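# Notes for the structure review
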Amino acid sequence: MIETDILIIGAGPTGLFTVFEAGLLQLKCHIIDALPQPGGQLAELYPKKPIFDIPGYPEVLAGDLVNNLMEQIKQFQPGFTLAETAETIEKLEDGSFIVTTNKGTKHKAKAIAIAGGLGTFEPRKPVLKDIEFYENEDRGVDYFVKDPEKYRNKNIVIAGGGDSALDWSIFLANVAASVTLIHRRNEFRGALDSVEKVQELKSAGKIKLITPAEVSSLNGTERIESITIDTNGEQMNVPADYFIALFGLTPKLGAIANWGLEIEKNAIKVNNALDYQTNIDGIYAIGDVNTYPGKLKLILCGFHEATLMCQSVYNRINPGKRYVLKYTTVSGVDGFDGTRKEAEKAVVKAID
C-alpha cells in the first residue's frame, strides 16, 4: 500500500506543478499516470514543439517545460506509479481514500487531485486483422516504447508521421537490428531537426523509409514474423519482430467517470469560486479535466488551480491550524530531501 497526503491522478504539467505547491505546505504527493513517463501530452505528443504562453518563457519546448517541472519538484521527492490507470476508489470513515489501479496497485491518500488533462490516453489503433492477438503477451504489437532495450537486435517496423515516430526511429536506429519507418504520406509533421536526422540515417542505411505506404496485414502464427505493406499500389513483406504503431492518443475520462463525480461534456464540474473541489468532499479536479463557468484549457490556468487547491487540502488535513502564506523569495524552499533553496542574505555593512 502506497500512502501519501495528496494522490495526483495525471502527470501532466498541472499534476507536476501540484507537487511543488504541496511541497511548500509540507504535503507529500504521489502521482498515477497511464503513460510510461511523466509529462502527459507534452512528453508523448509534441515534446519538441514550442509553447508561447508560459509566464516568464517567451518560448519553451514542451519537453523542456516537463524537464524543468521535474527539476523543480525534485526536492519534494514525489512517488510515481506509471503505465497504470486509476480504476476504483473507496472512501474510508476517516475521510481518506484508497485508489486501486488497473494493475492492482493500491494507494491511500488524504485527498485526491484529478489532474488528468483531457483524461487517460488510449492509443489510436490501426484497423488490422488479428491485431488484438498480437497486442497481448508480447507477441509483437506495441503502442508505447517503455523499454528500448526490449528492441535490441530486433527487426522493428514503426508506423506514424509525427514527433514520436521520428524520435523513436532515430533512437532505435542505434539499438535495433533494423528499423523501417512507414508513413501514409511523404511529408512528416514533426520537428525539422528530427526530419533531417531521419534523412541522414536513411542515407547512411541505418533506417529504411517507405512512403507513402500503409500496413495492410500482420503475419505470424505465434507472434509477428513479418508485416505486409501497401505502397504505390504494390505489396511488399518486411521481416519484423515488433510493429510499433505511433498514431497518437485518444483522450478518455476512463474509469474516473464511474466514481460518482458530477460530469459535464466529459469534464468534471468543480467549485471554482473556492478551491476546485468536486461534488465529493476531498476530491479535487484541476487543469483541462475540469469545467466551470469561464473555464480556459490553458497550462497557466492549471497552475493557478493547483495552487489554490493545495491551500484547501492543507486546511482539510490540518483543521484549525493557521497557515501564513510566505513568498518563496522570503521564506526559501525546504525540500523533503534536506536541501534548501533561498535567496542570498543581504550584506549588513556600514558605509563610512
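Refer to the structure above for everything that follows.
Attention in this report is confined to the structure presented alongside it. This is a predicted model, so every value here is computed, not measured. (Residues numbered from 1 in each chain as written. Predicted model: local features only at pLDDT ≥ 70, side-chain atom pairs only at ≥ 80, totals over all residues. Heavy atoms only, no water.)

## Here we look at the overall build of the chain
Each helix and strand counted, the chain has 8 helices and 24 strands in total. Taking the principal axes of its C-alpha atoms as reference, the chain extends roughly 80 × 65 × 40 Å. Counting across all 352 residues of the chain, residues that qualify as buried make up 48%. The long-range fraction of contacts in the chain, counting pairs at least 24 apart against all pairs at least 6 apart in sequence, stands at 58%. Surface accessibility of the chain: about 17,900 Å² in total, with carbon and sulfur atoms responsible for 50%. Where the 38 positive side-chain charges of the chain centre and where its 46 negative ones centre are 2 Å apart. (Helix = DSSP H or I, 4+ residues; strand = E, 2+ residues; numbered from the N terminus. Buried < 20%, exposed > 50% of the residue type's maximum accessible area, 1.4 Å probe, protein only. Contact = heavy atoms within 4.5 Å. Areas by Shrake-Rupley, 256 points an atom, 1.4 Å probe, with all protein chains shown as cover. Lys, Arg positive; Asp, Glu negative; His and termini not counted. Charge placed at Lys NZ, Arg CZ, Asp CG, Glu CD.)

## Details of a nonpolar patch on the surface
Taken together, the side chains of L296, L298 and L300 define a hydrophobic patch exposed on the protein surface, amounting to about 220 Å² of accessible area. When you line up the elements, L300 lands in helix α7 (residues 299–317). Classification of L300 by relative accessible area gives partly exposed; the value is 31%. (Patch = residues over 30% accessible without salt bridge, like charges linked within 9 Å, V, L, I, M, F, W, Y side chains within 5 Å. Salt bridge = Lys/Arg side-chain N within 4 Å of Asp/Glu carboxyl O.)

## Let's talk about a positive patch on the surface
On the surface, a cluster of positive charge is contributed by K49, R184, R185 and R189. Tracing the backbone shows R189 in the loop between β12 (178–182) and α6 (192–203). Overall, the relative accessible area of 69% leaves R189 in the exposed class.

## Some thoughts on helix α5 (residues 163–172)
Taking burial as the measure, the 10 residues of α5 include 8 buried ones, the bulk of the element. Those residues of α5 that sit buried are D163, S164, A165, L166, D167, S169, I170 and L172. The elements touched by buried residues of α5 are α2 (41–44), β11 (155–159), β12, α6 and β17 (242–245).

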